Amino acid sequence: MRFSFAFAPLAAAALLAAGTVQAQQTYKIAYIDPLSGPFANVGELMLTHTQYAIEDINAKGGVLGGTKLQLLQFDSKLSAQESQSALQAAIDQGAQAIVTGGSGSSVVTALVQSVNRWNQRNPGKELIVLNHSSIDPEMTGKGCSFWHFQTEANTAMKMKALANYIKKTPDIRKVYLLNQDYAHGKQWASYGRQLVGLARPDVQFVGEALHPIGRVKDFSPYLANVKQAGADTVISGNWGQDMTLLLKAAGDAGYNLRYFNHSAGSVPGTVLAVSQAKLGQLTWVAEWHPGQADSPKADALAKAYKAKTGKDFLAPRIEFTPRLLAAAIDKAGSTDTTKVARALEDMRFDSAVGPVRMRAEDHQLLLPQVVNTIAPVDGKAVKVGWEGTNYGFRTDAVYTGNELAQGTECKMVRPAS
């Protein structure tokens, strides 16, 4: 009996220690996006949004009653090859989830394909990919993967929102398609021609061009072709430096064009470029925009984010991507990647922009989209200036995720239960 009496506290202490180790373990998330080069400002913006959410989740106890999330950072350098190296480094450091999206659809597609191969060869060590910004519909279409989840509206959904708006805008008559020469740029042009053409059969497509991504310093030659074609509108998927330099060149040349884009207004420097050009109207689409009416949750989040980071808040979907993952881990009751992926399927989540749902059949998140135009502050439609300018965002139309949902060609291959 003495032995048992002496052993009991030791055994209890051992169990307590084991529980403490379990509670203190970390779940590692690898951030892989551009942190250098021409799109470094985009990558830094996305990183700060991701960090903010993870720090808040940890401050509230983490997941599974005490497991903390740890963010590993890797620079994709906007390169598929560099992303592969980053992926291997993330695996070596024990990452179980990848957060990405700002490297372009071609790079993110290659990353997902590498994860597919790794997961097939390494059962029990699988990774999951959460993609918040690369929006090629193929990623949730023919190229869909059980291990990939898209937390942004895809190209077809965004173009459908813009086409619905263009349908009600009769002064748009002649359209030029000017896009970056990579998968998503080509998709944006293709969906523009298709969906805008359906919405407005009277619209003329007067020209089309592709340019190298991140390498054009002067867009004047491209704009000369736009002017020669007689276009009043440009459908462009350009983002980051490629959009700001396009706007600058148009302003310098005195071209007063309309632009339709998927996310340009959420990238640093775009509003400033519009204000400096003083010509042109840039209309884009996102789940929310700063100054949007009747969005108390997003407004509160933006205020808290600014207070903590000192930076402007622009993209709720990037911030709630880690929160979706955390909710799935808690729902699964496990950090096992397969269980977490299954928990994400058909998950409903009350986000800062309202209820969203992860569609199980293709892993496409259904979230609202707001068509808005960068315009001067007028105290009515535009109440808040942005980037130190007197330009902000005017809401033109709002659509639910269900209104924009498209059919899918995804044939999901799921691991055996």
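First, a word on what this report is: a plain description of the structure on this page. (Residues numbered from 1 in each chain as written. Predicted model: local features only at pLDDT ≥ 70, side-chain atom pairs only at ≥ 80, totals over all residues. Heavy atoms only, no water.)

Attention now moves to the pairing of strand S3 (residues 97–100). Neither face of S3 is left uncovered, since the one carrying Ala97 and Val99 and the one carrying Ile98 and Thr100 both have all their residues buried. Relative to S3, strand S1 (residues 26–33) runs parallel, the two sharing 3 bridges. Bridged to alanine 30 within S3 is isoleucine 98. For S3 and strand S4 (residues 128–131), the ladder comprises 4 bridges, and the chain directions are parallel. Its bridge partner lying in S4, isoleucine 98 is registered against valine 129. As for the winding sense of the linkage, the β-α-β connection from S3 through helix H4 (residues 105–121) to S4 is right-handed. (Buried < 20%, exposed > 50% of the residue type's maximum accessible area, 1.4 Å probe, protein only. Helix = DSSP H or I, 4+ residues; strand = E, 2+ residues; numbered from the N terminus. Pairing = 2+ DSSP bridges. Right-handed = clockwise from strand over helix to strand, strands pointing away.)

This part covers the packing of aromatic side chains. Counted by the stated rule, this structure contains 10 aromatic pairs. Ring centres of tyrosine 165 and phenylalanine 260 lie 6.3 Å apart, and the angle between their planes is 50 degrees; this geometry places the pair in the tilted category. In this pair, tyrosine 165 sits in helix H5 (residues 155–167) while phenylalanine 260 sits in strand S9 (residues 258–260), placing the two residues 95 residues apart along the sequence. Using a relative accessible area of 1% as the deciding quantity, one classes phenylalanine 260 as buried. Ring centres of phenylalanine 219 and tyrosine 222 lie 5.8 Å apart, and the angle between their planes is 45 degrees; on these two criteria the pair is classed as tilted. By relative accessible area, which is 0% here, phenylalanine 219 ends up buried. (Phe/Tyr/Trp six-rings, centres within 6.5 Å; stacked < 30°, edge-to-face > 60°.)

Time to look at the pairing of strand S10 (residues 281–286). Across the 6 residues that make up S10, a large majority, 5, are buried. Each parallel crossover has a hand, and for S9 linked through helix H9 (residues 270–277) to S10 it is right-handed. In this structure, S10 lies alongside strand S14 (residues 369–376), joined through 4 bridges in antiparallel fashion. Directly across from valine 285, in S14, lies its bridge partner valine 371.

With that out of the way, let us pick up the packing of helix H8 (residues 241–253) against H9. Look at H8 against H9: their axes get within 9 Å of each other, and the N-to-C directions meet at 5 degrees. The angle between H8 and H9 places the two elements in the roughly parallel class. Contacts between H8 and H9 pair Met243, Thr244, Leu247 and Gly251 from the former with Thr270, Ala273, Val274 and Ala277 from the latter. Here the contact of H8 with H9 is built from residues that sort into 5 nonpolar, 3 polar and no charged. (Axes fitted to C-alpha atoms, helices over the stretch in contact; angles between N-to-C directions. Parallel < 35°, antiparallel > 145°, perpendicular 65-115°, else oblique. Contact = heavy atoms within 4.5 Å. Nonpolar A, V, L, I, M, F, W, Y, C, P; charged D, E, K, R; others polar.)

The 7 strands are arranged S7-S6-S8-S9-S10-S14-S15 in an open sheet whose pairing can be described as mixed. Each edge of the open sheet carries a strand with a single partner, namely strand S7 (204–211) and strand S15 (391–399). Here the strands of the sheet are splayed against their neighbours by 25 degrees on average, with no regard to which way each runs. As judged from the 3 bridges shared by strand S8 (residues 233–235) and S9, these two strands associate in the parallel manner.

Within the structure shown, the criterion is met by 21 salt bridges. Across the pair glutamate 409 and lysine 142 runs a salt bridge, and its minimum N-O distance is 3.9 Å. Note that glutamate 409 is positioned in the segment after helix H13 (401–404) and lysine 142 in the loop between S4 and strand S5 (148–150), a separation of 267 residues in sequence. Of the two residues, glutamate 409 and lysine 142, both sit in the exposed class. (Salt bridge = Lys/Arg side-chain N within 4 Å of Asp/Glu carboxyl O.)

Let's shift gears to the side chain of serine 83. On the secondary structure map, serine 83 appears in helix H3 (residues 80–92). For serine 83, a relative accessible area of 1% puts it in the buried group. With near-sequence residues (within four places) excluded, serine 83 lies in contact with Ile32, Ser76, Val107 and Leu111.

Turning our attention to the state of the cysteines. Using the criterion set out here, one finds 1 disulfide in the structure. The disulfide that involves cysteine 144 links it to cysteine 410, with 2.1 Å between the sulfurs. Disulfide cysteine 144-cysteine 410: torsion about the S-S bond near 80 degrees, hence right-handed. In this pair, cysteine 144 sits in the loop between S4 and S5 while cysteine 410 sits in the segment after H13, placing the two residues 266 residues apart along the sequence. Given the relative accessible area of 13%, cysteine 410 is considered buried. (Disulfide = S-S within 2.5 Å.)

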